[in-house]
Amino acid sequence: MAASVDPLVVGRVIGDVVDMFVPSVGMSVYYGSKHVTNGCDVKPSMATSPPKLNITGHSDELYTLVMTDPDAPSPSEPRMREWVHWIVVDIPGGTNPAQGMEILPYMGPRPPVGIHRYIMVLFQQKAPLGLVEQPPTRANFNTRLFAGNLDLGLPVATIYFNCQKEPASRRR
Amino acid sequence: MAITAAVATTTAADCSSNRWSMQSLSSALPSLNSITCSSIRFSSSSHCRPSLSLTRTQQAPHLFSSYTGLASNNPLLSLGFSDLTSFEHGLAFVDNGCRISAMRHGRRVPKLNRPPDQRRALLRGLTTQLLKHGRIKTTRARASAVRKYVDKMITLAKDGSLHKRRQALGFIYEKQIVHALFAEVQERYGERNGGYTRIIRTLPRRGDNAPMAYIELV
């Protein structure tokens, strides 16, 4: 039995990618018609385009969204932990990432081996960030360092889902 | 019933922070009771994660919740034979004649509904795949049965001698995985004493409503 029931702790999101935090902003993620909850399964074919994301919060607050995969290339050997898929800054509260500035364009999940976790972390900004430089490569990204560099503090919301490579042929 | 009332009070004590009231649930239909019991057990972080609400009801066929459903259906118990119910309060009567206990008394080996040779092959295959991919999704019974074998393989790898390597080669189906495991286990699990896997329960499978789980290497 897990010592904690919080899905983020059970799924080791807190620990691998972020530190323990208190969620203060609601975030709802939709891939097409599928509502994403912690630990749910999403197919790569459904996640090729950026999800519809709605953030609660004041409209004068700015938020930063980071989507990473800590299990790249394989959960048993995460040599490229983490692989960053999407970075959007300056999202006004109560809206979606289309209103923000996309630092790193969205890349859909393409797990080569095993079942990967894809984590979307939302930070609250203290000041408008403007143009942030892109990370030189998507591999070996560190969310904590990124948040430290931009002085973002602890996250305010996190959601994660699982994704695995679809088999070429239809099974059952 | 004394049993359902006792069940309701224990579950009420578990989920005191939950927003449902157990009195309304205990008087409700048995199926509703089992849904809420199992969803409480699955993720009771609903006070801080509104997305994990009752929309994701999960039918965990835990024997505890199925017992409360049977108690209200069973005509014997509803007739109020109090001495019968109090003596065998741990046993539920299924109508095909066998007895299911709510506890694990005396169960040593998970049989997985298979004869011994197939069971061994299934467990060998599951450990091979888990060591190969790092995280797999199977049914909960299989995930909890395979823990023992994965831990055993990792312990063999930690020892590292030739004899242990050959023992591992006799169990795991793919040679590459054994050699890779023996190579990397020291730096990965060197300080950890046991508990090399983690099981995360997840939503049931669509085809047969089997309770699923992710099992992953810690």
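Residues numbered from 1 in each chain as written. Chains lettered and ligands numbered in written order. Predicted model: local features only at pLDDT ≥ 70, side-chain atom pairs only at ≥ 80, totals over all residues. Heavy atoms only, no water.

Each side of the interface is counted separately: chain B has 21 residues, and chain A has 28 residues. Summed over both partners, the interface of chain B with chain A buries about 2000 Å², with 49% contributed by carbon and sulfur atoms. Along the contact surface separating chain B from chain A lie two salt bridges. Between D41(A) and K137(B) there is a salt bridge, and its shortest N-O distance comes to 2.3 Å. (Contact = heavy atoms within 4.5 Å. Buried area = accessible area lost by both parts, 1.4 Å probe. Salt bridge = Lys/Arg side-chain N within 4 Å of Asp/Glu carboxyl O.)

Bringing the packing of aromatic side chains into the picture now. Residue and element names in this part refer to chain A. If you walk through the whole model with that rule in mind, you get six aromatic pairs over all chains. Where Y118 meets F161, the ring centres are 5.6 Å apart and the plane angle is 25°; that geometry is what we call stacked. With Y118 in strand β8 (residues 115–125) and F161 in strand β9 (residues 155–164), this residue pair connects regions lying 43 residues apart in the sequence. Like Y118, the residue F161 is buried in the burial classification. Ring centres 5.4 Å apart and planes at 50° place the aromatic pair F141 and F146 in the tilted group. Exposure remark for F146: the relative accessible area of 10% places this residue in the buried category. (Phe/Tyr/Trp six-rings, centres within 6.5 Å; stacked < 30°, edge-to-face > 60°. Helix = DSSP H or I, 4+ residues; strand = E, 2+ residues; numbered from the N terminus. Buried < 20%, exposed > 50% of the residue type's maximum accessible area, 1.4 Å probe, protein only.)

Attention now goes to the side chain of T197(B). Mapped onto the fold, T197(B) is located in strand β4 (residues 197–201). Assessed through its relative accessible area of 14%, T197(B) is described here as buried.

With that settled, consider the confidence of the model for chain B. Low-confidence regions, as indicated by low pLDDT, have predicted coordinates that should not be scrutinised in detail. Residue and element names in this part refer to chain B. Mean pLDDT over chain B stands at 72; residues scoring 70 or higher make up 56%. Every residue in residues 1–18 is under pLDDT 50, and counting partners more than four places away or in other chains gives 19 contacts. When the criterion is pLDDT under 50, residues 76–86 qualifies, and its contacts beyond four places in sequence or with other chains add up to six contacts. Taken over the whole predicted complex, pTM reads 0.65, whereas the ipTM for its chain interfaces reads 0.72. (pLDDT = per-residue confidence, 0-100.)

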